Amino acid sequence: MAIRKERSYYRMCPDSHLIEEARHNPNAELAVALGERLEKVQTENDKEIEALRERAALFESDANQFEDELCEFQHKIDVLELMLSERDATIEELKKGN
């Protein structure tokens, strides 16, 4: 006669033992215990996924802000290059005039 193991016993077992038990001795109590453990892991993973999504959104926000700053700096560079070009043209005109 096989010994019937209780759900509380399975709840205390490590994952590796439950996997072996499921391979060789599947039963309803084991299935419930495995289902509970799987649900716990899934909940933890869902929380971690949500945290990673929030982190990704922050990175995206930072990237957008950096892109905006880059555009501002590029505009300033363009203005300064134009000013230098005008200065060089003015210098050339003054040299020709002397």
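Here's what I pulled together on the structure shown here.

Reading the values: the criteria
The residue numbering used here restarts from 1 in each chain and proceeds along that chain's sequence as written. Confidence filtering applies because this is a predicted model: local features only for residues at pLDDT of at least 70, side-chain atom pairs given and counted only at 80 or more, and all residues used for totals across whole chains, interfaces and linings. Side-chain metrics rest on all non-hydrogen atoms present in the structure, leaving aside hydrogens and water. Under the DSSP-based scheme used, a helix requires at least four consecutive residues in state H or I and a strand at least two consecutive residues in state E, with every element numbered from the N terminus. Here the globule rule is a power law, 2.2 Å times the number of residues to the power 0.38, and the radius of gyration is based on C-alpha atoms. To sort residues, take the accessible area from a 1.4 Å probe on protein chains only and compare it with the maximum for the residue type: under 20% means buried, over 50% means exposed, and anything in between is partly exposed. Computed with the Shrake-Rupley method and a 1.4 Å probe, the accessible areas treat only the protein chains shown as cover for residues. Here the positive residues are Lys and Arg and the negative ones are Asp and Glu; neither His nor the chain ends is included. In this description, the location of a charge corresponds to atom NZ of lysine, CZ of arginine, CG of aspartate or CD of glutamate. Expected span of a helix: the number of residues minus one, times 1.5 Å. Any two residues whose heavy atoms approach within 4.5 Å at even a single point are treated as in contact. Think of a polar contact as two N or O atoms within 3.5 Å of one another; within protein, one of them needs to be a possible hydrogen donor and the other a possible acceptor, and neighboring residues in sequence only count if both atoms come from side chains. The term nonpolar core refers to a set of buried residues drawn from Ala, Val, Leu, Ile, Met, Phe, Trp, Tyr and Cys, joined through side-chain atoms within 4.5 Å. Here, axes are lines fitted to C-alpha atoms. For helices the fit covers the stretch in contact, and angles between N-to-C directions go from 0 to 180 degrees. Each angle is binned into one of four classes, with values under 35 degrees roughly parallel, values over 145 roughly antiparallel, values of 65 to 115 roughly perpendicular, and all other values oblique. Note on convention: the crossing is left-handed when the near helix lies turned anticlockwise from the far helix by less than a right angle, right-handed when the turn is clockwise. Three categories are distinguished: nonpolar for Ala, Val, Leu, Ile, Met, Phe, Trp, Tyr, Cys and Pro, charged for Asp, Glu, Lys and Arg, and polar for the others, with Gly belonging to the last.

### Observations regarding the overall build of the protein
The number of helices and strands found in the protein is 3 helices and 0 strands. Listing the helices and strands of the protein from first to last along the sequence gives α-α-α. Taken over the C-alpha trace, the protein has a radius of gyration of 34 Å; the compact-globule value for 98 residues is 13 Å, which it surpasses by more than 25%. Taken along the three principal axes of its C-alpha coordinates, the protein extends 115 × 20 × 15 Å. Expressed as a percentage of its 98 residues, the buried residues of the protein come to 7%. When the accessible area of the protein is evaluated, it comes to approximately 8,700 Å², of which 58% is carbon and sulfur surface. Distance from the positive charge centre (14 side chains) to the negative charge centre (24 side chains) of the protein: 9 Å.

### Topic: helix 3 (residues 28-97)
Given a rise of 1.5 Å per residue, 70 residues ought to cover 104 Å, and the 101 Å separating the end C-alpha atoms of helix 3 matches this to within 8%. Residues Glu29, Leu30 and Ala33 constitute the buried set of helix 3. Looking at the buried positions of helix 3, the neighbouring elements they touch are helix 1 (7-12) and helix 2 (15-24). Taking the backbone nitrogen of Glu29 as reference, a side-chain oxygen 3.0 Å away marks Asn27 as the first, capping residue of helix 3.

### Notes on the nonpolar core
Nonpolar side chains in soluble globular proteins tend to be buried together. Listed in full, the 5 residues of the largest apolar core are Tyr10, Cys13, Leu18, Leu30 and Ala33. Dropping the residues within four chain positions of it, Ala33 is found in contact with Arg7, Tyr10 and Arg11.

### Thoughts on the environment of Tyr10
Residue position: Tyr10 is located in helix 1. The spacing of Tyr10 and Ala31 is 21 residues in sequence and 9.5 Å in space, taken between C-alpha atoms. In contact with Tyr10, other than residues within four places in its own chain, are Lys5, Leu18, Glu21, Asn27, Glu29, Leu30, Ala33 and Arg37.

### With respect to the environment of Arg87
Along the polypeptide, Arg87 turns up in helix 3. Here Arg87 falls in the partly exposed class, since its relative accessible area comes to 44%. When the C-alpha atoms of Arg87 and Gln42 are compared, they prove to be 66 Å apart, with 45 residues separating the residues in sequence.

### Digging into the packing of helix 2 against helix 3
Put simply, helix 2 and helix 3 touch, their axes get as near as 11 Å, and they point 140° apart. On the basis of the axis angle, helix 2 is oblique to helix 3. Along this stretch, helix 2 crosses helix 3, giving a crossing that reads as left-handed. Seen from helix 2, the contacting residues are Asp15, Leu18, Glu21 and Ala22; seen from helix 3, they are Leu30, Leu34 and Arg37. When grouped by side-chain class, the residues that make up the contact of helix 2 with helix 3 number 4 nonpolar, no polar and 3 charged.

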